[in-house]
Amino acid sequence: MPDLFAHYETSRFYDEMFAGPGRAHAHYQRLAERINRMEGMAELLERQRSADQAFLSRGVTFTVYSDNAGTEKIFPFDLIPRIIPAHEWEVLEAGLHQRMTALNLFLADIYSEQRILKEGVVPREMVESSKHFRREMVGFAIPKGLYVHINGTDLIRDEAGVYRVLEDNLRTPSGVSYVLENRQVMKRVFPNLLRDYRVRPVENYTNDLLSLLNHLAPAHVPEPTVVLLTPGVYNSAYFEHSFLARQMGIEIVEGSDLVVENDRVYMRRTDGLAPVHVIYRRIDDDFLDPTVFRPDSLLGVPGLVEAYRKGNVALCNPIGTGVADDKAMYYYVPRMIKFYLGQDPILPNVDTYLSSDEKDLKYILENLPKLVVKSVNEAGGYGMLVGPHSTEAQIEEFRAKIIDNPRNFIAQPTIGLSRCPAVCGDSIEGRHIDLRPYILNGETIKIMPGGLTRVALRKGSLVVNSSQGGGSKDTWVLAADQQTPAPFSAKLLV
Amino acid sequence: MLSRVANLIYWTARYLERAENTARIADVNAQLVLDLQSRQAADDPRSWGPLVYVSGGDDRFKELYGTSTTERAVIEFMLFDRRNPSSFLSCIAQARENARCIRDQLAGEVWEELNTFYLKLKDDDYVRYAQIGSAEYLASLRRRVQMFYSVADSMIPRTQLWWFFELGRFLERADNTTRILDVKYFMLMPDRTQVGSALDMVQWASVLRSCSAFEAFRQSRRGQLSLERVIDYLVRDTAFPRSILYSMLAAREALAQITQGRFSTEELPAAALLSDLERELQESVAKEIITAGLHEFLDDIQVRIGNVHAAIQDTFVHYATSGARVLG
């Protein structure tokens, strides 16, 4: 029997599967055995091909923005799952719960009393200069006190295997449909293995999301109508929009389908105008309502914000949540946790330097080739400098930008993300990964067991975004630990 | 149902039906060319030119291919050219794009059938068409559309989604049947001496076959093949599902299902227009149609189908919001 992992190289990065050459962590041993029972690489590749074909036929694709033709691609899927043992997940879950609670309290606070600003824990100008801070919403009491409903928090593991929070996505985090589709495919490819491992199911997500949306409806509506608002079929996440709408049995609408009459929202149906009570919007604040935000937006609905303020319709996420996922604000989340909850953060941040801070700025400018610099308002791997992988010219370009607008950037040390084996060409090699769990904040906080594991499929690349050559893996959270405890459990929490 | 969604499914059906009929028209032409020995040379512009004309793509064709109506140019234009919005490929691509917009409403299998068809089709070209042979290649395209219909038929619930699909499909079909008849008219126009000859019979048989109507025509016991009888059958038969009258009746049924009797015929402009057209078709006589001019007759029907289409858009899709009915 050939050992498909015989030539697998572990390196200075933390490896999810191997403690050292030929030594799989306890919770990966069964997987290694299963893969080695195949008819060599040929069978693995055949299964990979059949999985790819399944994605293509089902149209599980995303659109690449960069060219006008709107090229459709499948989001590459890697067959080798990422496995998280139960005891690790417990900690992650507690940490994410804590973070979501603090973020919600923070948003509630800055849109009302602003205690945290008055006490100087977060600098006022930081909040007020944020592109996503919505003055219009100050003093508006959001129903049920839920200021953020859905968060996709990106986690990574550093060289020591410690989980750290890389960023929060509090506006319209995407990717959850891939989690659900990946699992469907894995059920076909490794049915017995999933059962033997006692992998926790992810399928409840859409039920939980629907309950959340129903929970948000105005109090006087017994049977609310919920819709999903999409920018349209050319949006890169359109597959996900239609997938979620289908799974929940709600309408997917575009801005042009909605009208506001007398501060109430209706959708245009063939037989007339039907009332709408909850909008799961997958478009940013800026595009929601041309009468309040960007007047040139054709995606939104004139009058929507007024209907919202009158309490006739609920929005998920609410307007203005983006201020909390501003990457400069991220720096303050551990302090928010301390301030509102009186606790230490369970999940640490990545060390972060603010270029708006004079001391940090000096450090950043002196160490650019070593650092990752991020624009605070961008997402998707855009507006980013990865120092060690950049040319002199690129570094100088960023230097100028940072000096020009220090509020707009943060810097972090280049972290060697953990690696996990992936099928690359006709061998198995280590590739860097991250993890995006999805946290729902409704009647209670619910966290889907697992999340989207993204993998940087380009050799050596640390960028996992789909727009930058990333793919995904199924994430297996185990219901109970395997008999032998994982050897690294001790250093999980530092 | 959302107006936008209704419009998308309606157009999905129209595009699919148009694609299928484009394949049919190309097929009837290929067969006619074989039958008309004097025009057998594939490059004779008289053989393939009319096809472009009846499909309504004349100007676009000239723009792209000039005046050379060779088989290759016409087939490329009508089947594979994405620059022609009515080409077979354009129609399937558009139908798939529409279905993608509403895939939350469609069963997975319905979408997958269309998606895999498109993915397979998109790399085909004239070379492949010629390699396989026109009859076989065109039949394979038709079969694939038929397959989609059968999946749709067994999967789509009989809600408005289905009835807008039916509405689009039968309006398009009626329009397309007029165009298939028109090809024949164009082919024979310069040469009326052969009406009623053995060659003429062969040609009418091929027109019927292109509508998959040959056996049905025979079974309807309408006797010998003749210009009049074939026209009568394809225009006015109430039992044959590709006849113009049948398509009108089916479209009106779809409309009735959509409105669930909320409107009377008079209140619903599209229904009123359809019912006028039906009555005229029922009262028409094939002989008179021919005397007065078949082409003009068919042209008139196409215009009126266009009016029905516009009325449907006004009532269900682009109605004014102020003063519109508000639902409970």
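All values reported here derive from a predicted model rather than from experimental measurement. (Residues numbered from 1 in each chain as written. Chains lettered and ligands numbered in written order. Predicted model: local features only at pLDDT ≥ 70, side-chain atom pairs only at ≥ 80, totals over all residues. Heavy atoms only, no water.)

(A) Local environment of helix H9 (residues 238-248) of chain A. Of all 11 residues in H9(A), 9 are buried, a share of seventy percent or more. By the burial criterion, the buried members of H9(A) are Tyr238(A), Phe239(A), Glu240(A), His241(A), Ser242(A), Phe243(A), Leu244(A), Ala245(A) and Met248(A). (Buried < 20%, exposed > 50% of the residue type's maximum accessible area, 1.4 Å probe, protein only. Helix = DSSP H or I, 4+ residues; strand = E, 2+ residues; numbered from the N terminus.)

(B) Up close: unusual backbone geometry. Residue and element names in this part refer to chain A. Here the amide bond leading from Cys316 into Asn317 is cis, since omega sits at -15°, within 30 degrees of zero. Summarising the element assignment, Asn317 is placed in the loop between strand S14 (314-316) and helix H11 (327-330). With a phi close to 60°, Gln114 is a non-glycine residue in the positive phi region. In this model, Asn262 sits at a positive phi of 50°, which is unusual for a non-glycine residue. Here Asn262 shows up in the loop between strand S10 (258-261) and strand S11 (264-269).

(C) Here's a closer look at the packing of helix H1 (residues 3-35) of chain B against helix H2 (residues 45-54) of chain B. Residues and elements named next belong to chain B. With their axes 10 Å apart at the nearest point, H1 and H2 run at an angle of 160° to one another. Classified by the angle between their axes, H1 and H2 sit roughly antiparallel to one another. As H1 packs across H2, the resulting crossing turns out to be right-handed. Across the interface between the two elements, Ile25, Ala26, Asn29, Ala30 and Val33 of H1 pack against Ser47, Trp48 and Leu51 of H2. Among the residues forming the contact of H1 with H2, the class breakdown is 6 nonpolar, 2 polar and no charged. (Axes fitted to C-alpha atoms, helices over the stretch in contact; angles between N-to-C directions. Parallel < 35°, antiparallel > 145°, perpendicular 65-115°, else oblique. Left-handed = near helix turned anticlockwise from the far one by under 90°. Contact = heavy atoms within 4.5 Å. Nonpolar A, V, L, I, M, F, W, Y, C, P; charged D, E, K, R; others polar.)

(D) Representation of the interface of chain A and chain B within the structure. In this assembly, 31 residues from chain A lie in contact with 33 residues from chain B. Regarding the contact of chain A and chain B, the summed buried area is about 2,800 Å², with carbon and sulfur atoms giving 46% of it. Of all residues in chain A, Arg268(A), Thr270(A) and Leu273(A) give up the largest surface area on contact with chain B, accounting jointly for 26% of the area buried on that side. There are 2 salt bridges connecting chain A and chain B. At the boundary of chain A and chain B, one finds 19 residue pairs in polar contact (both at pLDDT 80 or more). (Buried area = accessible area lost by both parts, 1.4 Å probe. Salt bridge = Lys/Arg side-chain N within 4 Å of Asp/Glu carboxyl O. Polar contact = N/O pair within 3.5 Å; in protein donor to acceptor, adjacent residues only side chain to side chain.)

(E) Spatial organisation of the sheet that holds strand S16 (residues 371-375) of chain A. Residue and element names in this part refer to chain A. Strand order across the open sheet formed by 4 strands is S15-S18-S16-S17, with antiparallel pairing between neighbours. Edge positions in the sheet fall to strand S15 (353-354) and strand S17 (384-386), since each of these pairs with one other strand and no more. Here S16 runs beside S17; their pairing, made up of 3 bridges, is antiparallel. Within S17, the residue paired with Lys374 across the bridge is Met384. Its contacts with the sheet put helix H14 (residues 392-404) on S16, S17 and strand S18 (409-413), and the angle it makes with S17 is roughly 135°. (Pairing = 2+ DSSP bridges.)

(F) Examining the packing of aromatic side chains more closely. All names here are of chain A. Tallied over the full model, the rule gives 31 aromatic pairs over all chains. Arranged with centres 5.7 Å apart and planes meeting at 65°, the rings of Tyr197 and Trp476 form a pair that is edge-to-face. Linking Tyr197 in helix H7 (residues 191-197) with Trp476 in strand S24 (residues 470-477), this pair joins segments that are 279 residues apart in sequence. What links up through ring pairs into an aromatic cluster is the set Phe75, Tyr178, Phe239 and Phe243. We note Arg134 situated over the ring of Phe293; from NZ or CZ to the ring centre the distance is 4.7 Å. (Phe/Tyr/Trp six-rings, centres within 6.5 Å; stacked < 30°, edge-to-face > 60°. Lys NZ or Arg CZ within 6 Å of the ring centre and 35° of its normal.)

(G) Broad picture of the confidence of the model for chain B. Per-residue pLDDT for chain B has a mean of 88; in total, 94% of the residues score no lower than 70. Here the complex is predicted with pTM 0.84, and the ipTM for its interfaces comes to 0.80. (pLDDT = per-residue confidence, 0-100.)

(H) Molecular detail of the nonpolar core. Ranked by size, the top nonpolar core spans 256 residues in total, and within it Phe106(A), Ile116(A), Ile279(A), Phe88(B) and Leu234(B) carry the most contacts. Top element by residues in this core is H1(B). It accounts for 16 residues. Leu365(A), Val373(A), Leu385(A) and Phe398(A) belong to the second largest nonpolar core, which has 12 residues in total. (Core = buried A, V, L, I, M, F, W, Y, C linked by side-chain atoms within 4.5 Å.)

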